[in-house]
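Structural characterization, general
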There are 2 protein chains.
Amino acid sequence: MFAPLATSKAALGLRDDVALLRGRAADDLVLTTDTIVSGIDFFANDPAEKVAKKALRINLSDLAAKGASPIGYLLTLILPKRIDVRWLRAFAKGLRADQRKYGVALLGGDMSSTAGPLSVSITALGSLPKGTAILRSGAKPGDLVFVTGTIGDSGGGLAALKTKKREAMLVERYRVPEPRVAFGLELRGIASAAIDVSDGLLADLGHLADVSNMHIDIEAARIPMSTALRSLWGTSEVALVRAATAGDDYEIAFTASPKKRPRVLAAAKLSRTRVTEIGVVKRGQGIRLIGSDGRPLRLKNQGWQHF
Amino acid sequence: MFAPLATSKAALGLRDDVALLRGRAADDLVLTTDTIVSGIDFFANDPAEKVAKKALRINLSDLAAKGASPIGYLLTLILPKRIDVRWLRAFAKGLRADQRKYGVALLGGDMSSTAGPLSVSITALGSLPKGTAILRSGAKPGDLVFVTGTIGDSGGGLAALKTKKREAMLVERYRVPEPRVAFGLELRGIASAAIDVSDGLLADLGHLADVSNMHIDIEAARIPMSTALRSLWGTSEVALVRAATAGDDYEIAFTASPKKRPRVLAAAKLSRTRVTEIGVVKRGQGIRLIGSDGRPLRLKNQGWQHF
């Protein structure tokens, strides 16, 4: 079922227990790994194709935020003992579609069984010209803060699923994120720092501020919300805070010098990506969300806490 | 707890979501991933340090069988919601000890929670001079078949644990394998094909025969068994078959031209590794275990079946 996905020579046809990548001096290699667990990161009855796409795309999103060009991935499936072949076939079909869409190949992997829920771990590899990776640590005082797409849709979709509402577009955003792979490539040489939004816009920009040893101010009113989410949650500051802390957006939040604003806008146009300026980097620590009265909003938490 | 393990620059101090490896033109990169699940691959009450070592070492064993020099690893922990900090601390301690022993570093990873049992996935990276990887596919007619160490100890340890016997050496072999990392490096340029023994000696040499498009004959009486295992299981052909199908040995089974026998023996001596000649590669398909009467033994199965 998976052998046809091993379209790269590096996979050795999945007939060895390893992947073998030829060394290239001109490139750096980016590695990332992310796992989704049934009942935690997706619903047990979510379609298998969408589970496969989500598992792959959240990893491609990490590569995109570094400006890396995706190469391939290793797949680990931990399956309940009563394995459903139809489920696996649909899962492989989802991967096949995304391999074509993103130009990646299965390089290897492992399967195990468990008495517990199904989980999917992917380790993705990308490459970029030596020294061009966009790290979290490069934000400078005075840099502008941008974000791609709209924020909070996935959280809205999750909330809709839980309350049995069916907001199709939002639910789709929760189930199958759209990693900003093409736009990430454009950001090389433009962004000073970047992160993909998985824990929540504020939480992730908080990580970026922390690693850069900087402070970030975000203007709440500038946070881009989709029409669908605004009609579900409204446009109050409560709704904005909810969007900014919801997580699972898989947009790219990044910083760039004000001098590079024209290049940011040109990159957005070139890759047909909505990009919104939402804040500024300052000396100091931490992150604040500034309300319409110019004062920081009080937040209970900034987003998804791991444990 | 894990940040002190990220001793490589490539890990970016675990403060980004990726690892960043500098490209090197002279080297190929080997990637492998293996997972262990509580209740399947180890016992829930096994010491956390040993679980950590097992998870890392079964991956290092895959690298060793390719002749690769280990660099580092990505770690994915899927943890039950009631997380035990002492368990995690002991787990990290086990990794720290093995990082020193094998010269590897934590490069990144992910943590998730689950309603089910704990699992540990590791993706390990190794490197070797361009074009020197030992694959499963290189066995040639007339090549000799060798195996390192002794076979069946881990299976004996598992059986002893299940029957409440305490065969300390065998149980330790089950809990904490000893990957043949140093010997694997010596095999470059000597072995025509190699595989690490995880599913079982016969099953894994069966994979090697299959991928090489060859047949392999193994002489049952030559299969190396430890004194401890012989005193537990005896030395009958039934015991030999049991050892050859038990799995979890993490020894290296390999093939080499008869002309290279002196170099195999020299490599064994240099790395103080027991190496036993156990069979021969022929034209054809499949694998046979030859009894003391010169006839193939009938086998129910060759080893661990995945599902």
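**So, the sheet that holds strand S6 (residues 144-148) of chain B**
Residues and elements named next belong to chain B.
- As summarised here, the arrangement of the six strands in space is S7-S9-S6-S10-S8-S11, forming an open sheet in which the pairing is mixed. Among the strands making up the open sheet, the edge pair consists of strand S7 (193-196) and strand S11 (287-290). Averaged over all pairs of adjacent strands, the angle between their axes in this sheet comes to 25°, without regard to strand direction.

**Structural notes on the interface of chain A and chain B**
- Counting residues at the interface gives 53 residues for chain A, matched by 52 residues for chain B.
- When residues of the side of chain A that touches chain B are traced back to their parent elements, those giving at least two are strand S1 (19-21), strand S2 (27-37), strand S3 (69-80), strand S4 (105-114) and strand S5 (119-129) of chain A.
- For the side of chain A that touches chain B, the leading source of residues is S2(A), giving 10 residues.
- Split by residue class, the side of chain A that touches chain B holds 23 nonpolar, 17 polar and 13 charged.
- Pairing analysis gives three bridges linking S2(A) to strand S1 (residues 19-21) of chain B, with the strands arranged antiparallel. By the bridge assignment for S1(B), Leu29(A) is matched with Leu21(B).

**What to know about the relation of the copies chain A and chain B**
- Once turned by 180° and shifted 0.0 Å along the axis, chain A lies on chain B with an RMSD of 0.0 Å. In short, the pair behaves as if placed about a two-fold rotation axis.
- Same-surface contact between copies: 98% of interface residues of chain A are shared with the interface of chain B.

**Comments concerning the domain arrangement of chain A**
Residues and elements named next belong to chain A.
- By the assigned domains, chain A splits into domain 1 (3-129) and domain 2 (136-290).
- Measuring from the centre of the C-alpha atoms in domain 1 to the corresponding centre in domain 2 gives 25 Å.
- Contact residues are listed per partner, giving 16 residues for domain 1 and 16 residues for domain 2.
- Broken down by secondary-structure element, the contributors of at least two residues to the side of domain 1 that touches domain 2 are helix H1 (48-65) and S3.
- It is H1 that provides the largest number of residues to the side of domain 1 that touches domain 2, a total of 10 residues.
- Per-class residue counts for the side of domain 1 that touches domain 2 are seven nonpolar, three polar and six charged.

Scoring rules and cut-offs
- Residues numbered from 1 in each chain as written.
- Chains lettered and ligands numbered in written order.
- Predicted model: local features only at pLDDT ≥ 70, side-chain atom pairs only at ≥ 80, totals over all residues.
- Pairing = 2+ DSSP bridges.
- Helix = DSSP H or I, 4+ residues; strand = E, 2+ residues; numbered from the N terminus.
- Axes fitted to C-alpha atoms, helices over the stretch in contact; angles between N-to-C directions.
- Contact = placed C-beta atoms within 7 Å.
- Nonpolar A, V, L, I, M, F, W, Y, C, P; charged D, E, K, R; others polar.
- Least-squares fit on C-alpha atoms with pLDDT ≥ 70 in both.
- Domains from an automatic or database assignment.

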